[in-house]
Amino acid sequence: MSGLPPDHESYARAALPAYGRDRDATLRLLSLSENATYLVADDEPMVLRVHRPGYHSLDGIRSELSWMAALRTETPVATPELIRAADGSDVVDGVVGENMLHVDAVSFIEGCTAEENPAAVGFDELGRLCAHMHDHVGGWQTPDYFTRFRWDVEATLGPDARWGNWREAPGLTSDGAAVVERAAAQVADALTAFGQGPDRFGLIHADLRMANLMIDPVSGSGGSSPITVIDFDDCGWSWHLADLGAVVSFIEDTPEAEHMIADWLRGYREVREIPPDHLGMIPTFVMLRRLMLTAWVASHADADAAVAFTDGFAVGTAALADRYLSDRGWMRYE
């Protein structure tokens, strides 16, 4: 479950006056996942995000917003623009009765998600943008309050993994669970051996799935990128190639995923080098992402994406696990 109270819209409305907006402004729910995201549909549209309790501290949310803003101003990566409250705050308190949830606001991005129009996405361009993001962190002076969690082996695959336990996925048979268990152990061993050196591990977006890429094909006609990267809610410290694994979220077992990765790699390597031994880890990062999503679907039954992918997802995970264990030619790139 997302952990949000059922009256999450009330918290969005409670925050509106802090932005100089009418509490009765028209709100449209855009997505319900870890957080509830609303479009404020008035003369100056903006996007309000109501944060689930307990997922991020105030400093954690401010840290996310600070990196998003730095990428927007210091790199070619397009991100939404932070909208500060009338008093200059980057995060406000939405208070309903005796309860409070954090709320922030960003500019509304025209267009559609890459999930809605995948043919409009240039995955080589996305690769270049990811490389710029990974490069940026190396020279960026983080604010004093900066704090984000880590997506390491324990946080992704451990008994108390942040997104839940894949073993609880609906539809997972005992035979399927046994195959996935072997794959998860191999993924954990491979990641541990790979290590967390600065050439492979750093601050990443961590959720670069198609739903978190806004596409405006018209804006790309003049040479600028049509991709706007949104939703940095899960950004944190992890392996750079985990961003690649996230790109093919929910479609890891399709031929399209292999083509997307090839294009992403071509673009990424125009900006940033990927050593050959890193390329050999791509199947592991794709499998890692699938395991994380299987846990997430199991633990977020009310989230939009979980509802769409629940049926048959665990069965597909078991099939992918078998391929990961047995097909040495799968997801191999040079």
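Residues numbered from 1 in each chain as written. Predicted model: local features only at pLDDT ≥ 70, side-chain atom pairs only at ≥ 80, totals over all residues. Heavy atoms only, no water.

Now for the overall build of the protein chain. Each helix and strand in the protein chain was counted, giving 11 helices and 10 strands. A compact globule built from 334 residues would reach a C-alpha radius of gyration of about 20 Å, and the protein chain, at 20 Å, matches this within 12%. For the protein chain, contacts bridging at least 24 residues in sequence account for 75% of all contacts bridging at least 6. Accessible surface, the protein chain: about 14100 Å² in total, of which carbon and sulfur atoms supply 50%. Averaged over its 25 positive side-chain charges, the protein chain has a centre that lies 3 Å from the centre of its 52 negative ones. (Helix = DSSP H or I, 4+ residues; strand = E, 2+ residues; numbered from the N terminus. Rg over C-alpha atoms; globule rule 2.2 N^0.38 Å. Contact = heavy atoms within 4.5 Å. Areas by Shrake-Rupley, 256 points an atom, 1.4 Å probe, with all protein chains shown as cover. Lys, Arg positive; Asp, Glu negative; His and termini not counted. Charge placed at Lys NZ, Arg CZ, Asp CG, Glu CD.)

Attention shifts here to helix α3 (residues 123-139). Taking 1.5 Å of rise per residue, the 17 residues of α3 would be expected to cover 24 Å, and the 25 Å separating its terminal C-alpha atoms lies within 8% of that figure. Judged by how many residues are buried, α3 sits mostly within the fold: 12 of 17 residues are covered. The complete set of buried residues in α3 reads F123, E125, L126, G127, R128, L129, C130, A131, M133, H134, H136 and V137. (Expected span 1.5 Å × (residues − 1). Buried < 20%, exposed > 50% of the residue type's maximum accessible area, 1.4 Å probe, protein only.)

With that settled, consider the sheet that holds strand β6 (residues 112-113). An order of β6-β8-β9 is seen for the 3 strands of this open sheet, with the pairing classed as antiparallel. Of all the strands in the sheet, just β6 and β9 (227-229) have a single pairing partner and so form its edges. (Pairing = 2+ DSSP bridges.)

Before going further, it helps to spend a moment on the packing of α3 against helix α7 (residues 255-268). As a packed pair, α3 and α7 sit with axes 6 Å apart at the nearest point and diverge in direction by 50 degrees. Judged by the inter-axis angle, α3 sits oblique to α7. Helix-helix and strand crossings are classified by hand; for α3 and α7 the assignment is right-handed. Contacts between α3 and α7 involve F123, D124, L126, G127, R128, C130, A131 and H134 from the former and M260, D263, W264, R266, G267 and Y268 from the latter. For the contact of α3 with α7, a count of residues per class yields 7 nonpolar, 3 polar and 4 charged. (Axes fitted to C-alpha atoms, helices over the stretch in contact; angles between N-to-C directions. Parallel < 35°, antiparallel > 145°, perpendicular 65-115°, else oblique. Left-handed = near helix turned anticlockwise from the far one by under 90°. Nonpolar A, V, L, I, M, F, W, Y, C, P; charged D, E, K, R; others polar.)

It is worth spelling out the pattern of salt bridges at this point. Per the stated rule, a full pass over the model turns up 22 salt bridges. For R62, the salt bridge is made with D90, and the minimal N-O distance between the two is 3.2 Å. Taken together, the residues R62 in helix α2 (residues 58-74) and D90 in the loop between α2 and β4 (92-96) connect sequence positions 28 residues apart. Taking the relative accessible area as the measure of exposure, R62 reaches 24% and is therefore partly exposed. (Salt bridge = Lys/Arg side-chain N within 4 Å of Asp/Glu carboxyl O.)

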